[in-house]
Amino acid sequence: MGALDKLTELVRIIAYVVFWAGLGVGVHVRWKLLLNPAWVVAVALLSATGVIFSFILSFQISQHKTSILMPFTLTFLPSILLGVIAFSQTQLVHSDDHEMYMNVVLVASLAIYITWASLKRSIATPPPPVPIRLHELSALAGLAVSVPISGVPNSFGIICSIIFIGLAIFSFHRRSVSFILILPLFVLLNLKTVLYGTEYMNRLSLLVFVCIVAVESAMDIFASTYSSLSTWSPIFETPLCVLRLLAVLMFCVETVLLLLVANTLSTHKEWWLVIPLYSACSLVVWLPLHILYVIINWKLWNRVKKAVEILKSDTTRSLSHIFSSRGLRHFALFTYPLMVGNAIVTLAQFMWSWTTQTDVTCGLLLICLPLQVILISFLRDLSINLGGSCCGYALVTPSVLRSYSDDAANLRNAQVSTSFATRSLRLIQEFFSHHLVEDGGCEYSSDRVTQDMLAASLNKFFSMKTKQGIAYDTYLLYYSGPVVENGDWALKDGAEFSYGRLVTMWTDHEVSQTSRLILVLDTAKSNYWVPLVRKTSIAYVGIQTLYVMKDCERDQTFSIGDFTRDWVDYNCNPQSSVYSADFSTPIITTYGISPYWTFFRFHEPSVDEMNKHWSESFFFSIRPFLLLYSIFDSKRLCFVCSFFSKCFSLLRMSACPPNQLHIGHGFKLVRFFKTPSSHSLS
């Protein structure tokens, strides 16, 4: 364990000790001021004993067993104690100065915990995706147990709010931006109904606790390096019967919510008008959409499970390619607006009882609506990240290092450079084949190409179309060859090909309006193009290249072509370990993207393709229900969600760009340090 790792662990221990100090102050206040403080002290003693006991056992039993025991004792029991402290606040306790001291200490522990979480994500590889981490689940379970122990009013609504927080954490681990849109509703319902009548509850301590539990998952929205689809991989392992049962249970719970809302409307002062209108809306809109909800869930998970089975039997294909071949993108594009409409109708039906709502109806809404938003997020990820088309063009020219005093050295350098160039060409061809990139040409020139020859090849490449006559989503341009000092390509007869001219050629073609250009450059000076790409606001452009430090360049401890070998191996071999977190090395793999890169979206299927998908995917008897698609068209109703997601992605890329940028075709742009070493030709 390095010094930075030890410092990070020390910060975590300090946060935990400060948190316990705050709990101790809270127990002391209630010991002094409550009429019957024995049960609070009993919970405190039980929690402290459990924590001490777990530390003792951690030295006596194996690490595997303590990995399950420690989260239980370190989070479950303290969560019960904090809940009891927060829910047992009285007016006398509320006015005591020591209660304010407790709040200050708890806020300090939150600040230290956030510092620890930030340090952990900056130095350590993020853990693999999970539905929800054990310490998060045990903490929320402990808080839920404290509700009936404390005997607070509206306990059902409070427990449903805790379940909502758990679903929010689950959603944040999936990097779901849509879930943020319903967080204001959660706050509003808690303040208006769920926590109504509990004015002396210590809400600040509950807020601090929720932040401590959710801060890691919230950071995953920015810091996670996994692709959107891979974050859902733990759900793919869930048994199909469980997923189907969950869809049916959701329909039953929403039906109960519908009936409870109808029951509360009987107390409305204009019930004679409200109830008939409510019933008509339920039968005409709510019922068809929720029947579709069950059917869509049923068919969606059938396709997902079949795709996962294919992946297990054919490991050479990526998950995104298999999902696309199973028609999941068309399915998601069609059902996404329907599910958005389903969530809006659920919320609208609840709003009928806004003036007569109870903690039970609020609690059921806080369970139903998040589950619908989670499904919407999954469908949106499928529609955005699947089905993109890509074509590629490669130009490879040997980069010869000349020595003006030794002809033998010139010959040896030329031979080595030619060997590396031919290897790079072979590797990029294998890359195109592995990721189903349409080959637009892989050209090798033993000498520098002319300006006219390069312009003709690029114009032909930028004019490529799919079999349907539409532009490809992504145009990948690979170049490995001689460059000048500013990164421009060195051509024959002393000519140069600049980045500005490349962008001009790209924007002169109509494909630049709806497609993106990715440059993969294996040269010693192409890092000078990265700042230029980041300033290109007229097109979607990305660049993947390497940065060579001066010491490495002077000592010639690298070879042109090593970057291609490592980058291709990293993107084609899931078990590849060529990139590491060695931050002391002189060679850096880097990438850059244009400012509005996150606004790019793959081409959507045509109307004929969508109609064909309708007829193949749904029963004839339910097709009249599918007419609701025209009402909940994604270009109208889903505009707010889409625009919010694009803006949030833009903020994320500006504030915290990931080390791995997933393109959507199975490969990634990466930013890592690479240890230089001499490699034999393969």
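Each value, and the rule that gives it
- Residues numbered from 1 in each chain as written.
- Predicted model: local features only at pLDDT ≥ 70, side-chain atom pairs only at ≥ 80, totals over all residues.
- Heavy atoms only, no water.
- Helix = DSSP H or I, 4+ residues; strand = E, 2+ residues; numbered from the N terminus.
- Buried < 20%, exposed > 50% of the residue type's maximum accessible area, 1.4 Å probe, protein only.
- Contact = heavy atoms within 4.5 Å.
- Patch = residues over 30% accessible without salt bridge, like charges linked within 9 Å, V, L, I, M, F, W, Y side chains within 5 Å.
- Areas by Shrake-Rupley, 256 points an atom, 1.4 Å probe, with all protein chains shown as cover.
- Salt bridge = Lys/Arg side-chain N within 4 Å of Asp/Glu carboxyl O.
- Pairing = 2+ DSSP bridges.
- Core = buried A, V, L, I, M, F, W, Y, C linked by side-chain atoms within 4.5 Å.
- Axes fitted to C-alpha atoms, helices over the stretch in contact; angles between N-to-C directions.
- Parallel < 35°, antiparallel > 145°, perpendicular 65-115°, else oblique.
- Expected span 1.5 Å × (residues − 1).
- pLDDT = per-residue confidence, 0-100.
- Phe/Tyr/Trp six-rings, centres within 6.5 Å; stacked < 30°, edge-to-face > 60°.
- Nonpolar A, V, L, I, M, F, W, Y, C, P; charged D, E, K, R; others polar.
- Disulfide = S-S within 2.5 Å.
- Lys, Arg positive; Asp, Glu negative; His and termini not counted.
- Polar contact = N/O pair within 3.5 Å; in protein donor to acceptor, adjacent residues only side chain to side chain.

1. Some remarks on the overall build of the protein chain
The helix and strand tally for the protein chain stands at 24 helices and 11 strands. Counting the 682 residues in the protein chain, one finds 51% classified as buried. Here the contacts in the protein chain between residues at least 6 apart in sequence split such that 82% fall between residues at least 24 apart.

2. Thoughts on unusual backbone geometry
At Leu-436, a residue that is not glycine, the phi angle is positive and equals roughly 55 degrees. Topologically, Leu-436 is positioned in the loop between helix H16 (407–434) and strand S2 (438–444). One non-glycine residue, Asp-493, lies in the positive phi region at around 60 degrees. Accessibility expressed as a relative area gives 75% for Asp-493, which makes it exposed.

3. Focus: a nonpolar patch on the surface
On the surface, Leu-4, Leu-7, Leu-10 and Ile-14 cluster together to form a nonpolar patch covering roughly 330 Å² of accessible area. If you trace the backbone, Leu-10 turns up in helix H1 (residues 3–33). Residue classification places Leu-10 among the partly exposed positions, given a relative accessible area of 45%.

4. Re the pairing of strand S6 (residues 516–521)
Counting buried residues along S6, six of its six residues qualify, which places the element largely inside the surrounding structure. The two faces of S6 match: Arg-516, Ile-518 and Val-520 on one face and Leu-517, Leu-519 and Leu-521 on the other face are all buried. The pairing of strand S3 (residues 474–480) with S6 spans six bridges and is classified as parallel. Across the sheet, Tyr-478 pairs through a bridge with Val-520, a residue of S6.

5. Side note on the nonpolar core
Grouped together as the largest cluster of nonpolar side chains are 112 residues, with contacts concentrated most on Leu-300, Val-304, Phe-323 and Leu-382. Non-local contacts of Leu-382, meaning those with residues more than four positions away in its chain, are made with Leu-229, Leu-300, Phe-323, Leu-328, Arg-329 and Ala-332. With 34 residues, the next largest nonpolar core counts Ala-471, Leu-477, Phe-497 and Ala-539 among its residues.

6. Structural notes on the environment of Ile-235
Structurally, the position occupied by Ile-235 is in helix H10 (residues 233–236). On the basis of relative accessibility, which here comes to 11%, the residue Ile-235 falls in the buried class. When the C-alpha atoms of Ile-235 and Val-130 are compared, they prove to be 8.5 Å apart, with 105 residues separating the residues in sequence. The contact partners of Ile-235, leaving out residues within four places of it in the chain, are Pro-131, Phe-170, Leu-243 and Trp-301.

7. Details of the pattern of salt bridges
In this structure the tally under the stated criterion is 10 salt bridges. Measuring nitrogen to oxygen at the nearest pair gives 2.8 Å for the salt bridge that ties Glu-99 to Arg-30. Residue Glu-99 is located in helix H5 (residues 97–123), and its partner Arg-30 is located in helix H1; the two are separated by 69 residues in the primary sequence. For Arg-30, a relative accessible area of 0% corresponds to the buried category. Lys-120 serves as the salt-bridge partner of Glu-216, at 3.6 Å between the closest nitrogen and oxygen. One end of the pair, Glu-216, is in helix H9 (residues 203–223); the other, Lys-120, is in helix H5, and 96 residues separate them in sequence. With relative accessibility at 29%, the residue Lys-120 sits in the partly exposed group. Here the salt bridges share partners, and the residues they tie into one network are Lys-120, Arg-121, Arg-133, Glu-136, Glu-216 and Asp-220.

8. Considering the packing of helix H7 (residues 155–173) against helix H15 (residues 359–385)
Contact geometry for H7 and H15: axes closest at 8 Å, N-to-C directions at 10 degrees. The orientation of H7 with respect to H15, classified from their angle, is roughly parallel. Residues Phe-156, Gly-157, Cys-160, Ser-161, Ile-163, Phe-164, Leu-167, Phe-170 and Ser-171 of H7 lie in contact with H15, whose contacting residues are Asp-359, Val-360, Gly-363, Leu-364, Leu-366, Ile-367, Pro-370, Leu-371 and Ile-374.

9. What about helix H11 (residues 240–264)?
The end-to-end C-alpha separation of H11 is 37 Å, in line with the 36 Å expected for 25 residues at 1.5 Å each. Within H11, burial applies to Leu-243, Ala-247, Met-250, Glu-254, Leu-257, Leu-258, Val-261 and Thr-264.

10. Digging into H7
Residue pairs spaced three or four apart in an α-helix point in one direction, given the helix's 3.6 residues per turn. Its 19 residues give H7 an end-to-end C-alpha distance of 27 Å, which sits within 8% of 27 Å, the value for a rise of 1.5 Å per residue. Counting buried positions along H7 gives 15 out of 19 residues, so the element sits mostly inside the fold.

11. Regarding the confidence of the model for the protein chain
Mean pLDDT over the protein chain: 81, with 82% of residues reaching 70 or higher. Contacts from residues 62–66, a stretch scored under 50 in pLDDT, to residues over four places away or in other chains number four contacts. Note on residues 401–413: pLDDT is under 50 here. Beyond four places in sequence and across chains, it has six contacts.

12. Here's the deal with the packing of aromatic side chains
In the structure shown here, the tally under the stated rule is 28 aromatic pairs. Taking 6.3 Å as the distance between ring centres and 75 degrees as the angle between the ring planes, the aromatic pair formed by Phe-170 and Trp-232 counts as edge-to-face. Taken together, the positions of Phe-170 in helix H7 and Trp-232 in the loop between H9 and H10 put the pair 62 residues apart, joining distant regions of the chain. Residue classification places Trp-232 among the buried residues on the basis of a relative accessible area of 3%. Taken together, a centroid distance of 6.0 Å and an interplanar angle of 85 degrees make the contact between Tyr-472 and Tyr-475 edge-to-face. The burial state of Tyr-472 is the same as that of Tyr-475; both residues are buried. Put simply, the rings of Phe-170, Trp-232, Phe-236, Trp-301, Phe-323 and Phe-378 pair up and form one aromatic cluster.

13. Quick look at the packing of H11 against helix H12 (residues 271–313)
It is at 9 Å that the axes of H11 and H12 come closest, and there the two elements cross at 170 degrees. As far as their axial angle goes, H12 and H11 are roughly antiparallel. Here the residues of the contact of H11 with H12 sort into 17 nonpolar, five polar and three charged.

14. Points about the state of the cysteines
Considering all chains together, one arrives at zero disulfides under this definition. With no disulfide of its own, Cys-368 lies closest to Cys-160 among cysteine sulfurs, the gap being 9.1 Å.

15. Quick notes on the side chain of Asp-96
By the element assignment, Asp-96 lies in the loop between helix H4 (91–94) and H5. No salt bridge is formed by the buried Asp-96; its nearest oppositely charged neighbour, Lys-32, is found at 4.6 Å. Of note is the side chain of Asp-96, whose polar atom sits 2.8 Å from the backbone nitrogen of His-98. Among all residues touching Asp-96, those that are not within four sequence positions of it are Val-29 and Leu-33.

16. Quick look at the environment of Thr-335
By the secondary structure assignment, Thr-335 is in helix H14 (residues 328–351). You can call Thr-335 buried: its relative accessible area is 0%. As a C-alpha pair, Thr-335 and Leu-300 span 35 residues in sequence and 9.6 Å in three-dimensional space.

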